[in-house]
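As a plain string of letters, each chain reads:
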Amino acid sequence: MSSPFVSLLVFVFLCLLFTINCQHPPPQGTFIDCGATNTNTSGFQEWELDFSFISSGIPKTLNPIPDFLPIHLQTLRSFPLGDGSRKKFCYDVPAVPRAKYLIRTSYFYGGVNGNDFPVPPVFDQIIDGTVWGIVNTTDDFYNGVPSYYEGVFVARVKAISVCVAINAYTESDPFINALELIRLDDSVYNTTDFGNFGLNLVARNSFGYPQTLIRYPDDPFDRMWKPSGESYSTPKIVKDIDVAGFWNLPPLNIFETALTTEQESPVNLDLQWPTVSLPNSTYYIALYFVDGRNSSSRVFNITINGIQYYQNLNATTAGAVVFASRWPLSGRNTISLIPVEGSVVGPLINAGEIFNLLPLGGRTLTRDVTAMENLKNGFENPPIDWNGDPCIPPEHAWTGVACSAGPRVRVVSLNLTSMALSGYISRHISNMTALTDIWMGSNSLTGTIPNLEKLQLLKTLHLGDNQLDGYIPSSLGKIGSLRELFLQNNNLMGQIPRTLLEKRDLNLKTSPGNILLQPPSPS
């Protein structure tokens, strides 16, 4: 019987085994201790301070500090809720373009928002232009444990932006305790189309493993394999299994025990997994099998919710990984392992991983991103949420920034009126050639007006009530679309360009203020 989902891909990798004689080297990546004031070593890695990755937020230390909490989770960075608008606050972390990363965010609230907010805030987290999901740590907080969120993404450019963001449910300041970007081997999860999707971890379990969490040094990438809470018997599997060649490079420990049927009789094994109800979506599923007892015949079929997933799997000491890159699921789900006729022992399963396939959001045109970064750097006090992608996702665009829709996202207007800005207007603003409106009036901007001739779509330019000096660029008169130019109450001098005075459809305001002269009459 074949699956009716003909478009879904199911692969099996039968693994060659060889001996591991040395411990895995520590995972490579960036490990950020958010809000910390001193570097520390926790676990296998040294944690970096976060101030070089982010320019907003307030560092805080938990008080009191729970005894069980590792040192890199004892501090956090908190971000002001402010007026409740959907601001985002982003860490920009250097990355290797086209490299694959496991990204993990860690949260432990500790009541840092005060007695008025005993419940942790709920907020979004964002990777580059993609809403990764909602952070809700309430249950874990009441259970006295940290919350971890994990995904797999490929770097598009030389940095990855990881953000927390205010949403409609956020009632107090969002926060983050730790951020990790771990470089993955190219072969791991390599059937995923990372050009269009990311992987959002739903569950990663070692079935039948009764001890503690499995991670580095057992897992080469410090992935967290949680022990299964299922009540099936868990016979011990012999420990002399070496599994370095398995697809996705799982740790050896997950094969030391397994879930199977009572007395290993050849009857069905039904596993309710994952334990949470899933939203209707597409998922990546990987199931891991080894029969460490060298049973003579342990062959079974696998179904998910009654749909054939894989047929005639022979779980031997050679091992197998069965995975589907795109499998539709929703609600509660049951994995059934069904012995085939003639099988003398029951089925077993060692471990499983399931990820939600996350469609990637767009990205603002690189030229506009660079121009906005230069504009931000020119301001001494830019808006606190000016980090990450200026436009994407649309509900979390930078304050004062409006953008176009569609596959080619451009910055189309800047409304920064009365935002108490100081500093200068970067000349790179002229590279955002889709701009139609610029409002920067009633601030404290200094310096000269840059050459904006390339902004041929510009209709409105409001720079009044600042402290700009120098001359009015004659190039402004070459912008054919310009209809409104407000320059009053600055420190401008010299002649008003004749090209501006002769534009009959231009609403030009240069006074009061300024020391300007009319150009001489043509002879």
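To keep things clear, this report deals only with the structure shown in the data block.

Procedures and definitions
Residues numbered from 1 in each chain as written. Predicted model: local features only at pLDDT ≥ 70, side-chain atom pairs only at ≥ 80, totals over all residues. Heavy atoms only, no water. Pairing = 2+ DSSP bridges. Helix = DSSP H or I, 4+ residues; strand = E, 2+ residues; numbered from the N terminus. Axes fitted to C-alpha atoms, helices over the stretch in contact; angles between N-to-C directions. Disulfide = S-S within 2.5 Å. Buried < 20%, exposed > 50% of the residue type's maximum accessible area, 1.4 Å probe, protein only.

This next bit is on the sheet that holds strand 23 (residues 334-339). The antiparallel open sheet is built from four strands, whose spatial order is 18-23-20-21. Each edge of the open sheet is held by one strand with a lone partner, namely strand 18 (269-272) and strand 21 (307-314). Adjacent strand axes in the sheet meet at a mean angle of 20° when their direction is disregarded. Taken together, the five bridges between strand 20 (residues 299-304) and strand 21 define a ladder with antiparallel strand orientation. The residue of strand 21 that forms the bridge with Ile302 is Tyr310.

This paragraph deals with the state of the cysteines. Under the counting rule described, the total for this entry stands at two disulfides. What pairs with Cys90 in a disulfide is Cys163, and their sulfur atoms sit 2.1 Å apart. One disulfide, between Cys90 and Cys163, carries an S-S torsion of 100° and so falls in the right-handed class. One end of the pair, Cys90, is in strand 7 (residues 88-94); the other, Cys163, is in strand 12 (residues 159-165), with 73 residues separating them in the sequence. For Cys90, a relative accessible area of 2% translates into the label buried. Through a disulfide, Cys391 is tied to Cys403; the S-S separation comes to 2.0 Å. Classification of the bridge connecting Cys391 and Cys403 rests on its S-S torsion, roughly -75°, and on that basis the disulfide is left-handed. One end of the pair, Cys391, is in the loop between helix 2 (366-378) and strand 26 (401-403); the other, Cys403, is in strand 26, with 12 residues separating them in the sequence. Here the bonded cysteines of the protein are numbered in sequence order, and their pairing is 1-2, 3-4.

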